[in-house]
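# Examining the three-dimensional arrangement
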Amino acid sequence: MMNFLACANMCVLTAHTVVASRMAVLIILSSIHPMMVMSFHIFRPDRLHEARFFNNNRRGQTLFKMADDKQRKLMISDTTKKATQNHSIIHFNNAGCSPMPPTVYETVCNHLKLETEIGGYLAADVRQEDIQSVYTSIAQLLNCDANEIALVESATVAWTRAFYSICDSHLEAGDVMVCCQLEYAAVVVAMQKIATERGYRVILAPSLDDGSGAVDVSSFQKLLYEEKRIALVCMVHIPTNCGIVNPVERIGDIISEMNLAAASASGRGENRKRVLYLVDACQSVGQRVVDVQKVKCDALACTGRKYLRGPRGTGFLFVRKELLASVAPCHIDHAGAPISFVPKSPLPSKVEFEYQDGAKRFEFWEASIANQLGLGAAVDYCLSVGIEDIQSRCTELGQNLGEAIRVIDGIHAYHYSEDPEKLSGIVVFGVENLSSTEIKEKMLAKGFTLSVVPATSTPFDSSITKCPDLVRASVSYFNTFEEVSAFCSALGNIVNDHR
């Protein structure tokens, strides 16, 4: 396989065999003339096919396809090696905020440069086709229609817009909402607030007794059929405080089967409200295959900054088209609900508006176009690497990291499972007689960046398990087994030095 290397300062092809990347094409063109970037539409990787560097399939691989998975991993390892050499940081905080690939950075910077030259409004007009293709890219990643996607600022914004809209349109006093033991604090406070105000009840789905905190699907199914007032199920796919993977597809199957049975029973005079299903996938999209047709969720929220490696301040919401007919947005502006015509008299009652077709009704007028394009570039990058390969590598690295941490004396690993189907690239742990913040700071001094997960971020789980604030290490596909080994060695030294 022939590969190419682009030098940032001169357009020279070398005789070395290296990886052909979309970034290389960008550097070659920009080194010839800066305006070549705009002329060839190199704001988004998916537009490169116009410059004939990629095949006619916009979602296809490059013309110089990587030979096999081994070659993919060589590319991934090489990228990480360069990053760590440049910054002396090994990134183990991908569940917090992953480093952006060069193509994402360039996409954001190129649009900001365009805004400085021609202004934000005109720049957005110029990029309309690329903005629309962001929806198409996300739709391909999730296996849905582009008009079922709304672009927002974060996963929390996405989740809360869906949640409050469902509550406004679908729930009534006495109804029951279900969430799980591992639910995130933002979800917990929203559910508790609205339940208190409107007379709903919130109950926890039963968890397995293996210490993982994952939902017990058999017990959940029993709960769903016995509790007749359940109207909404909110489920996190991978929680913030551990790498356990909740069985969201099986849960979706159970809800779907129950809804079909309820619809059939309604014809016999029985009446039960349809159960809606809202999924928080902010830590799973980008490291695992998430197919909304298999999950069978009504809505799904995600962020761009975590495993997708997009810019901060980006996120998106999937809303199934069937739900749009019955659920109105809880908050609107004139972008999501344009005014139909100028009223004959200036009376609020005379103003008429119509919701945007599709999930865009959940969007507001103001947005960072540069960040949205960067999100699209991140999704395209993820698709080009291959989400199946990413999932396999993240799981393998995470399992390797978890096993290595567990054998270090003085360390307690939390929420670990022997079942690889329940594992992801996230591992959480604590150290005897050292606070999680101290561990984070000491590991940073050794070149590793981590996160601390406060016990209050998952209040139900912390109440059950009595977990303290935890250290969270989260690996992605660009990390290496050598880095995992170095991480565990550094961590072991810190623990030994403290004794």
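In this report, the structure presented in the accompanying data block is examined.

What counts and how
Residues numbered from 1 in each chain as written. Predicted model: local features only at pLDDT ≥ 70, side-chain atom pairs only at ≥ 80, totals over all residues. Heavy atoms only, no water. 1 Å grid on protein atoms, 1.4 Å probe; cavity = no way out; pocket = protein on both sides within 12 Å on 5 of 7 lines; lining within 4 Å. Points joined across faces, edges and corners; volume = space filled by probe spheres on them. Helix = DSSP H or I, 4+ residues; strand = E, 2+ residues; numbered from the N terminus. Nonpolar A, V, L, I, M, F, W, Y, C, P; charged D, E, K, R; others polar. Pairing = 2+ DSSP bridges. Axes fitted to C-alpha atoms, helices over the stretch in contact; angles between N-to-C directions. Contact = heavy atoms within 4.5 Å. Phe/Tyr/Trp six-rings, centres within 6.5 Å; stacked < 30°, edge-to-face > 60°. Lys NZ or Arg CZ within 6 Å of the ring centre and 35° of its normal. Core = buried A, V, L, I, M, F, W, Y, C linked by side-chain atoms within 4.5 Å. Buried < 20%, exposed > 50% of the residue type's maximum accessible area, 1.4 Å probe, protein only. Polar contact = N/O pair within 3.5 Å; in protein donor to acceptor, adjacent residues only side chain to side chain. Salt bridge = Lys/Arg side-chain N within 4 Å of Asp/Glu carboxyl O.

## What about the layout of surface pockets?
What the second largest pocket holds in volume is close to 610 Å³. What lines the second largest pocket is a set of 21 residues, and nearest its centre among them are Ala-124, Gln-128, Trp-365, Ala-367 and Ile-369. Those elements that place two or more of their residues in the lining of the second largest pocket are helix 5 (120–126), helix 6 (128–142) and helix 13 (369–385). A per-class count over the lining of the second largest pocket returns nine nonpolar, seven polar and five charged.

## Here's the deal with unusual backbone geometry
Excluding glycine, residues mostly have negative phi values, and the peptide bonds linking residues are mostly trans. Although it is not a glycine, Arg-309 adopts a positive phi angle of roughly 70°. In this model, Lys-466 sits at a positive phi of 60°, which is unusual for a non-glycine residue.

## Side note on the sheet that holds strand 13 (residues 470–474)
On the basis of which strands lie adjacent, the open sheet formed by four strands has the order 9-10-13-12 and antiparallel pairing. Unpaired on one side and paired on the other, strand 9 (411–414) and strand 12 (451–453) mark the two borders of the sheet. Strand-to-strand twist across the sheet, computed as the mean angle between neighbouring axes with direction ignored, equals 40°. Across three bridges, strand 12 lies against strand 13 in antiparallel orientation. When the bridges of strand 13 are listed, Ser-451 appears paired with Arg-472. In this fold helix 14 (residues 387–406) packs onto strand 9, strand 10 (426–431) and strand 13, with an angle of close to 15° to the strand it touches most, strand 10. Against the sheet, helix 17 (residues 481–498) makes contact with strand 9, strand 10 and strand 13, and its axis sits at roughly 15° relative to strand 10, the strand it touches most.

## A short note on the packing of aromatic side chains
Counted by the stated rule, this structure contains eight aromatic pairs. These aromatic residues form a ring-pair network of at least three members: Phe-92, Phe-448 and Phe-487. Cation over ring: Arg-161 sits above Phe-364, and NZ or CZ is 4.3 Å from the ring centre. Positioned above the aromatic ring of Tyr-135 is the side chain of Lys-360, whose terminal nitrogen or guanidinium carbon lies 4.4 Å from the ring centre.

## Observations regarding the nonpolar core
Counting 70 residues, the largest nonpolar core has Leu-142, Phe-220, Val-233, Tyr-277, Val-285, Leu-300 and Phe-316 as the members making the most contacts within it. For Val-285, the contacting residues outside a window of four places in its chain are Leu-141, Leu-142, Val-290, Leu-300, Cys-302, Tyr-307, Leu-308 and Phe-316. Ranked by size, the runner-up nonpolar core spans 31 residues in total, among them Met-191, Leu-317, Leu-323 and Val-327.

## Let's talk about the side chain of Asn-246
On the secondary structure map, Asn-246 appears in the loop between strand 5 (230–236) and helix 10 (248–266). In this structure the side chain of Asn-246 is engaged in a polar contact, spanning 2.9 Å, whose partner is the backbone nitrogen of Val-215. A distance of 3.0 Å separates the side chain of Asn-246 from the backbone oxygen of Val-236, its partner in a polar contact. In this structure, Asn-246 is in contact with Cys-180, Ala-214, Val-215, Met-235, Val-236 and His-237, ignoring residues within four places of it in sequence.

## Focus on the pattern of salt bridges
Applying the stated rule across the entire model yields 14 salt bridges. For Lys-113, the salt bridge identified is with Glu-117, shortest N-O distance 2.5 Å. Of this pair, Lys-113 and Glu-117 both sit in helix 4 (residues 102–118), four residues apart, roughly one helical turn. The class of Glu-117 is partly exposed, set by a relative accessible area of 44%. Of the charged contacts in the structure, one is a salt bridge between Glu-172 and Lys-273, with a shortest N-O distance of 3.6 Å. Of this pair, Glu-172 sits in the loop between helix 7 (155–170) and strand 3 (176–179) while Lys-273 sits in the loop between helix 10 and strand 6 (276–280), placing them 101 residues apart in sequence. Salt bridges sharing partners connect three or more residues here, namely Glu-172, Asp-175, Arg-229 and Lys-273.

## Considering the environment of Leu-323
Structurally, Leu-323 can be placed in helix 12 (residues 321–324). Separated by 24 residues in the primary sequence, Leu-323 and Ala-299 place their C-alpha atoms 8.5 Å from one another. Residues contacting Leu-323, with those up to four places away along its chain left out, are Ile-166, Leu-276 and Asp-298.

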